[in-house]
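Fold and contact review
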Amino acid sequence: MFNKILIANRGEIALRVVRAAREMGIATVAVHSTVDADAMHVRMADESVCIGPPPSAGSYLSAAAIMSACEISGSEAIHPGYGFLSENPLFAEVAADHDITFIGPSAEHIKIMGDKITAKRSMKELGVPCVPGSDGSIDTIDDAYEFCDEIGFPVIIKATAGGGGRGMKVVKHQSELTNAFNTARGECRAAFGNDQVYIEKYLENPRHIEIQIFGDGQGNAVHIGERDCSLQRRHQKVFEEAPSAAISSEARDTIGRLCAEAVAAIKYAGAGTIEFLYDQGEFYFIEMNTRLQVEHPVTEAIFGIDLVREQIRVAAGLPLSFTQENLEINGHAIEVRINAEKFPEFSPCPGRITQYHAPGGLGVRMDSALYDGYSVPGHYDSLIAKLIVHGRDRKEALARLDRALSELIIDGIDTTIPLFHALLKEPDIHSGNYTINWLEHWLQTNRADSAA
Ligand code: MV4
């Protein structure tokens, strides 16, 4: 096992990794930009290294700065958290070249899944059901017409270098195809330096269901249930839960087994998430994420496992500490993401926290790097806290969420807490009757009310 690991991240996820490492007897090294010198992750780690200026390009995204911090601190491995360098195959490769263990999958697996066409082709070959679509890239307008004639409208044009909703265009009628295709390619070239696009049948009102998998890198893998992440705004998740209110245990087992078999076949190492659209009882693969996800705690809650500990174990060459047969769902968990944003405008709201009180009690977990007097910098993601609740069933989890939100105090800045108070008044949230379009539709119809 490692003696010391470096955490190439900040905020709540850096704390999350420190906590797992400490329980395993592993020393931790925090890295930070100048504006983060007083951040909680720096205080909580055993050591820290300043790696650059506030803009992440010169600090949290600088492979050179992070490798230097690794060298001077004598760290043996790097946990990348999520975002930043977590899905950068070049970074995983640089670490490996310097005999530093990247706590995550191989650079090759990151690369395959980072290219959305290659990812889809691989998953299809591995037996995972995919959205009907073009086999590879569609490079000419003539090919676009021909393909769309075959599958019919509506279609969605996606960037192979995109993902997470970036560079997508929905095309409802043939008359819009030329314009959409040309615009999509132009935008992709500008945004990613890669104008390859592919086309899929557009699913109008699905759920977003993702399957957590874990591979040991030796050809063994398990599936660890699903998360329903349908409640999103502008491709940002807002509220996540496990298990999904829409999935039967048979459907869960069937898709889970397909996912585990697929990642076992490629000898995948570490945590991964296979994203699906779920429509009328069918799963359609869209993307795979090769990192730990923000919403991993809902999976941890219902399965009673520590995913970060397993990541570190697998990276150190140890087997997973559980088998598929050990994994059993216990109750229901919900996570809400609290952002430093003003509701209902969602405008960023950095600033000084004058009072912070975290909720507690049975079934409540607060993952946050906030403290009284902390100043939320404006340079990074606006996520400042994740509130995760666990109950014996969905109803209890929702009641617990309501109760925990009533205890929570974050003063000094505006946050998205009022959004969750409002959501908890909605019958559709209580019944679990929502799809990927629900939240944006609700925000539109309630904008006047919420502002009042
Ligand atoms: C889709 C789709 C409908 N049909 N693909 C958005 C993010 C990226 N991961 C894939 N996305 C979508 N792909 C087909 N063929 C609708 C979306 C989508 C979406 C997906 C999940 C959660 C929220 C969403 C919001 C808008 C569009």
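As a reminder, the structure under discussion sits directly above these lines.
Here the structure is a predicted model, which is why all the values come from computation and not from measurement.

Some thoughts on the overall build of the chain
- Secondary structure assignment for the chain yields 15 helices and 22 strands.
- Projecting the C-alpha coordinates of the chain onto the three principal axes gives extents of approximately 60 × 55 × 45 Å.
- Across the 452 residues that make up the chain, the buried fraction comes to 56%.
- Sequence-distant contacts in the chain: of pairs separated by 6 or more residues, those separated by 24 or more amount to 66%.
- Each charge class in the chain can be summarised by its mean position, and for the 41 positive and 62 negative side chains these summaries are 3 Å apart.

Considering the layout of surface pockets
- Considering only enclosed or pocket space, the second largest pocket measures out at about 250 Å³ in volume.
- Lining the second largest pocket are 21 residues, and of these Thr101, Phe102, Gly104, Ala269 and Ala315 sit closest to its centre.
- Sorting the residues of the lining of the second largest pocket by element identifies helix 4 (89-97), strand 5 (101-102), strand 12 (269-279) and helix 11 (307-315) as the ones contributing at least two each.
- For the lining of the second largest pocket, a count of residues per class yields 11 nonpolar, eight polar and two charged.

Digging into the packing of helix 3 (residues 63-73) against helix 4
- In the contact formed by helix 3 and helix 4, the axes pass within 11 Å of each other and the chain directions differ by 30°. As summarised for this structure, helix 3 and helix 4 are arranged roughly parallel, according to the angle between their axes. Relative to helix 4, the crossing made by helix 3 is right-handed. Along the contact surface, helix 3 presents Ala63, Ile66 and Met67, while helix 4 presents Phe91, Val94 and Ala95.
- Split into classes, the residues belonging to the contact of helix 3 with helix 4 amount to six nonpolar, no polar and no charged.

Considering the packing of aromatic side chains
- Inspection of every chain in the model, using the stated rule, returns nine aromatic pairs.
- Pairing tyrosine 60 with tyrosine 380 gives two aromatic rings, centres 5.5 Å apart and planes at 80°, and the pair type is edge-to-face. With tyrosine 60 in the loop between strand 3 (47-52) and helix 3 and tyrosine 380 in the loop between strand 20 (375-376) and strand 21 (383-391), this residue pair connects regions lying 320 residues apart in the sequence.
- Judged by its relative accessible area of 11%, tyrosine 380 falls in the buried class.

Details of the nonpolar core
- Judged by nonpolar contacts, the single largest core of 41 residues is most densely connected at Phe239, Ile338, Leu387, Leu401, Ile410 and Leu419.
- Among the secondary structure elements, those contributing two or more residues to this core are strand 11 (236-242), strand 14 (332-339), strand 19 (364-368), strand 21, helix 12 (394-407), helix 13 (417-423) and helix 15 (438-451).
- For leucine 387, the residues in contact, after removing those within four places along its chain, are Ile334, Glu335, Val336, Ile338, Pro359, Val364, Arg365, Met366, Leu401, Ala404 and Leu405.
- Core analysis: the second largest hydrophobic core is formed by 37 residues, Phe2, Tyr82, Ala269 and Val298 among them.

Remarks on the sheet that holds strand 14
- The strand order across the open sheet formed by eight strands is 13-12-9-10-11-14-21-19, and the pairing between neighbours is antiparallel. Strands at the two margins of the open sheet, each flanked by one partner only, are strand 13 (282-289) and strand 19. Here the average twist between neighbouring strands, direction ignored, is 25°.
- Where strand 19 meets strand 21, five bridges bridge the pair, whose relative direction is antiparallel. Following the sheet pairing, aspartate 367 is matched in strand 21 by lysine 386.
- Packing of helix 9 (residues 249-265) onto the sheet brings it into contact with strand 9 (207-216), strand 10 (221-233), strand 12 and strand 13, and relative to strand 10 it is tilted by some 115°.
- Sitting on the sheet, helix 12 touches strand 11, strand 14, strand 19 and strand 21, and the angle it makes with strand 21 is about 140°.

Notes on the sheet that holds strand 2 (residues 27-33)
- Across the sheet, five strands lie side by side as 3-2-1-4-5; this open sheet has parallel pairing. Whereas interior strands pair on both sides, the edge strands pair on one side only; in this sheet they are strand 3 and strand 5.
- One ladder, built from three bridges, connects strand 1 (residues 4-7) with strand 4 (residues 77-79); its direction is parallel. The partner of isoleucine 5 across the bridge, within strand 4, is alanine 77.

Remarks on a negative patch on the surface
- On the surface, Asp139, Asp142, Asp143, Glu146, Asp149 and Glu150 cluster together to form a negatively charged patch.
- Residue aspartate 142 is classed as exposed on the basis of its relative accessible area, which comes to 57%.

What counts as what
- Residues numbered from 1 in each chain as written.
- Predicted model: local features only at pLDDT ≥ 70, side-chain atom pairs only at ≥ 80, totals over all residues.
- Heavy atoms only, no water.
- Helix = DSSP H or I, 4+ residues; strand = E, 2+ residues; numbered from the N terminus.
- Buried < 20%, exposed > 50% of the residue type's maximum accessible area, 1.4 Å probe, protein only.
- Contact = heavy atoms within 4.5 Å.
- Lys, Arg positive; Asp, Glu negative; His and termini not counted.
- Charge placed at Lys NZ, Arg CZ, Asp CG, Glu CD.
- 1 Å grid on protein atoms, 1.4 Å probe; cavity = no way out; pocket = protein on both sides within 12 Å on 5 of 7 lines; lining within 4 Å.
- Points joined across faces, edges and corners; volume = space filled by probe spheres on them.
- Nonpolar A, V, L, I, M, F, W, Y, C, P; charged D, E, K, R; others polar.
- Axes fitted to C-alpha atoms, helices over the stretch in contact; angles between N-to-C directions.
- Parallel < 35°, antiparallel > 145°, perpendicular 65-115°, else oblique.
- Left-handed = near helix turned anticlockwise from the far one by under 90°.
- Phe/Tyr/Trp six-rings, centres within 6.5 Å; stacked < 30°, edge-to-face > 60°.
- Core = buried A, V, L, I, M, F, W, Y, C linked by side-chain atoms within 4.5 Å.
- Pairing = 2+ DSSP bridges.
- Patch = residues over 30% accessible without salt bridge, like charges linked within 9 Å, V, L, I, M, F, W, Y side chains within 5 Å.
- Areas by Shrake-Rupley, 256 points an atom, 1.4 Å probe, with all protein chains shown as cover.
- Salt bridge = Lys/Arg side-chain N within 4 Å of Asp/Glu carboxyl O.

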